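# Chain and residue survey
Spelled out from the first residue to the last, the chains are:
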Amino acid sequence: MSAFNVAKFGGTSVANFEAMSRCAAIIEANPNTKLVVSSACSGVTNLLVELANGVSEQERRAELLQKLANIHDTILSQLKDAAETAAEVYTILDTITSLAEAASIQASTKLTDHLVACGELMSTHILTQLMRERGIDAVRFDIRDVLRTDSDYGQAEPQLEAISQLAQEKLVPLCQQHVVITQGFIGSDEEGNTTTLGRGGSDYSAALIAEGVKSSGLEIWTDVPGIYTTDPRIAPKATPIPEISFSEASEMANFGAKILHPSTLLPALRHDIPVFVGSSKEPDNGGTWIRRKVESSPLFRALALRTNQTMITLHSAKMFQAYGFLAKVFEILAKHKVSVDLITTSEISVSLTLDKTGTAGGAPQLPQAAREELEELCTVDVEQNLSLVALIGNNMSSNRGHAKQVFGTLEDYNLRMICFGASPHNLCFLLEESVAKTAIEKLHRELFE
Ligand code: ADP
Ligand code: ASP
Ligand code: MG
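Residues numbered from 1 in each chain as written. Chains lettered and ligands numbered in written order. Predicted model: local features only at pLDDT ≥ 70, side-chain atom pairs only at ≥ 80, totals over all residues. Heavy atoms only, no water.

## A look at the site of ligand 1
What counts here: The rule for a residue being near a molecule or strand is that one of its heavy atoms must lie within 4 Å of it. Under the rule applied, a polar contact is a pair of N or O atoms within 3.5 Å (in protein, one hydrogen donor and one hydrogen acceptor; residues adjacent in sequence only if both atoms are side-chain atoms). Under the convention used here, a 1.4 Å probe and the Shrake-Rupley method define accessible areas, while residue burial counts only the protein chains that appear. When residues are sorted by character, Ala, Val, Leu, Ile, Met, Phe, Trp, Tyr, Cys and Pro go into the nonpolar class, Asp, Glu, Lys and Arg into the charged class, and all the rest, Gly among them, into the polar class.
Close to ligand 1 lie 17 residues, the nearest being Thr222, Tyr228, Asp231, Arg233 and Lys258. Residue Asp231 places a side-chain N or O atom 2.8 Å away from an oxygen atom belonging to ligand 1. Taking Ile259, its main chain carries an N or O atom lying 3.4 Å from an oxygen atom of ligand 1. Compared with its free state, where it exposes 570 Å², ligand 1 has 91% of that area covered by protein. Each residue belonging to the shell around ligand 1 can be placed in one class, and the counts come to 7 nonpolar, 5 polar and 5 charged.

## Topic: the sheet that holds strand β1 (residues 5-9)
Two strands in a sheet stick together by hydrogen bonds in their backbones, pointing the same way (parallel) or opposite ways (antiparallel). Stated precisely, the cut-off is as follows: A pair of strands is considered paired only if DSSP assigns at least 2 bridges between the two. Secondary structure elements are taken from DSSP: a helix is a run of H or I of four residues or more, a strand is a run of E of two residues or more, and numbering for both begins at the N terminus. Axes, fitted as lines to C-alpha atoms, cover a helix only where it is in contact. Angles between the N-to-C directions of the axes lie from 0 to 180 degrees. The contact definition used throughout considers only heavy atoms, calling two residues in contact when any of these lie within 4.5 Å.
Taken in spatial order, the 8 strands of this open sheet run β3-β4-β2-β1-β7-β9-β10-β8, and their pairing is mixed. Only two strands of the sheet have a single neighbouring strand rather than two, namely β3 (138-141) and β8 (243-245). Strand-to-strand twist in this sheet, taken as the mean axis angle between neighbours without regard to direction, amounts to 20°. By the bridge criterion, 5 bridges tie β1 to strand β7 (residues 217-222) in an arrangement that is parallel. When the sheet's bridge partners are listed, Asn5 is paired in β7 with Gly217. Contacting β2 (33-38), β3 and β4 (179-183), helix α7 (residues 160-177) crosses the sheet at an angle of about 170° to β3.

## Some details on the UniProt feature "domain: Aspartokinase ACT" (unreviewed entry) in the protein
For clarity, the threshold we go by: UniProt positions are given in the numbering used here, feature names are shortened, and annotations may be inferred rather than shown by experiment.
The UniProt record marks residues 312-356 and 389-447 with the feature "domain: Aspartokinase ACT" (unreviewed entry), using the residue numbering of this structure. Helix makes up 39% of residues 389-447 and strand 27%, with an end-to-end C-alpha separation of 14 Å.

## A short note on the pattern of salt bridges
Heads up, the rule is: The working definition used for a salt bridge is a side-chain nitrogen of Lys or Arg within 4 Å of a carboxyl oxygen of Asp or Glu. Between buried and exposed lies partly exposed: a residue is buried under 20% and exposed over 50% of the maximum accessible area for its type, with that area taken using a 1.4 Å probe on protein chains only.
Under the defined criterion, the tally for this structure stands at 16 salt bridges. The residue Glu63 makes a salt bridge to Arg60 at a minimum N-O spacing of 2.9 Å. Highlighted residues: Glu63 and Arg60, both in helix α3 (residues 58-76), separated by 3 residues, approximately one helical turn. On the accessibility criterion, Arg60 (23% relative accessible area) is partly exposed. Between Arg144 and Asp142 there is a salt bridge whose closest N-O contact spans 2.7 Å.

## What about the packing of helix α2 (residues 44-52) against helix α5 (residues 109-116)?
To be explicit about the condition: Should an angle fall under 35 degrees it is taken as roughly parallel, and over 145 as roughly antiparallel, whereas 65 to 115 is taken as roughly perpendicular and any remaining angle as oblique. Two helices crossing with the near one rotated counterclockwise from the far one by less than a right angle form a left-handed crossing, whereas a clockwise rotation gives a right-handed crossing.
Closest axis-to-axis distance for the α2/α5 pair is 9 Å, and the angle between their directions is 150°. With respect to each other, α2 and α5 are oriented roughly antiparallel. Remark: the crossing between α2 and α5 carries right-handed chirality. In this structure, α2 uses Leu48, Val49, Leu51 and Ala52 to contact α5, whose residues at the interface are Thr112, Leu115 and Val116. Classifying every residue of the contact of α2 with α5 by side-chain character gives 6 nonpolar, 1 polar and no charged.

## As for the nonpolar core
Convention followed: What is meant by a nonpolar core is a set of buried Ala, Val, Leu, Ile, Met, Phe, Trp, Tyr and Cys residues, joined one to another through side-chain atoms within 4.5 Å.
If you look at the biggest cluster of nonpolar residues, it comprises 111 residues, and the most contacted ones within it are Ile96 and Ile290. With 8 residues, helix α4 (residues 83-105) is the single largest residue contributor to this core. For Ile96, the residues in contact, after removing those within four places along its chain, are Leu48, Leu51, Leu65, Leu68, Leu115, Cys118 and Met122. Membership of the second largest hydrophobic core comes to 19 residues, among which are Leu303, Val406, Tyr413 and Leu427.

## A word on the packing of α2 against α3
Two elements in contact, α2 and α3, have axes whose closest approach is 10 Å; the angle formed by their N-to-C orientations is 155°. When the interaxial angle is binned, α2 and α3 end up roughly antiparallel. For the crossing formed where α2 meets α3, the hand is left-handed. On the side of α2, the interface is formed by Val44, Leu47, Leu48, Glu50 and Leu51, while α3 contributes Arg60, Arg61, Leu64, Leu65, Lys67, Leu68, Ile71 and His72. Split into classes, the residues belonging to the contact of α2 with α3 amount to 8 nonpolar, 1 polar and 4 charged.

And the structure:
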């Protein structure tokens, strides 16, 4: 295991010159931090996604491009010696202009990845120069030379063996000499095409890179001092959790806690790398340690919210006392590469939710061809505008009485689907998007405050 530490800074942490300077101070404070993974400056990926989705109106496109230029210009203007960095950033802005025009004619997932990757490519040029101006021996590294993925644009799958080999070959020696600044979120496939790991993917990148270089620790610096009992923007009385296990934190991330990309903890767990989550605005205020073994395992740990859910209900009288129906349904879904998340069944129907979407965002869609094939077998209802609320905890399926407390609190809500029992760590249910936040507030008051 290498002695060095990997630090990841999210979008708000590198939003402007002051924020980037705070990151630099955090890096300076720990001489073991040799590898820094940065997101794009706050707001930049959203602008790029809009352009990538295809903006045909020339005026709007110009407006978005101007916003992108302004965000970066403002930081560049505060550097002492910006000339070289500005030239690099402007070259990327030119690329964005051409790609945005191409996307306005014909958008594609491949083009989207090429375009949205530009945010991280720009922020890392600036962060590197800012660190150099503070006297740190920083070098910028293009992570596409290491972070090998498949070609599933928008939600590319990392190729772990290749990443590990390339990281040992190219990154480790560099980190022994310098502080290396690199991009989160992006990678490249075997042909050298740029790919992305899905929105919020920088956390996952940082963990994959930490795994690749066999790092001793991973720090995720964000805008809140740790993982809270729920999103503090939803329940202001949510409190930070000082220590949490990999499995609980993974469940939280999987069930939508935006603080961590859902896959972040997989590499950390594989290599037993402790993860710290803290606020780059208040680095001395502590945060959350995520470890394999923790001191306490409370029944209720946290609440998570995942919006933009799509529920499919398949209904067939033929399912009654028949076998092979579910196998046929899953064969069709697999054929059309539809990934299923949650599932509940009754005698004559089955409800399921579709898995996450990629970088372009939005609710996951059931492809028309899959729908048509399913309709030969059963009736198909698709519902959207749903949210998934998950209660995360420990030994929930072997404890009595808490279901009454949870469902009693939610007696006024129409729960569309309930999943419980498969994991000892969660109880989750779907409800209308418009009431999901108030349901979380209510549950938080009842179970955590
Ligand atoms: P970054 O840009 O640093 O990756 P994100 O916006 O992706 O930051 O994630 C941080 C945000 O996650 C917080 O501002 C908070 O609103 C949200 N969040 C959701 N669930 C939680 C939670 N359980 N604890 C803390 N923050 C949470
Ligand atoms: N910049 C990317 C996003 O906004 C990745 C990240 O910040 O994690 O989704
Ligand atoms: Mg994030």
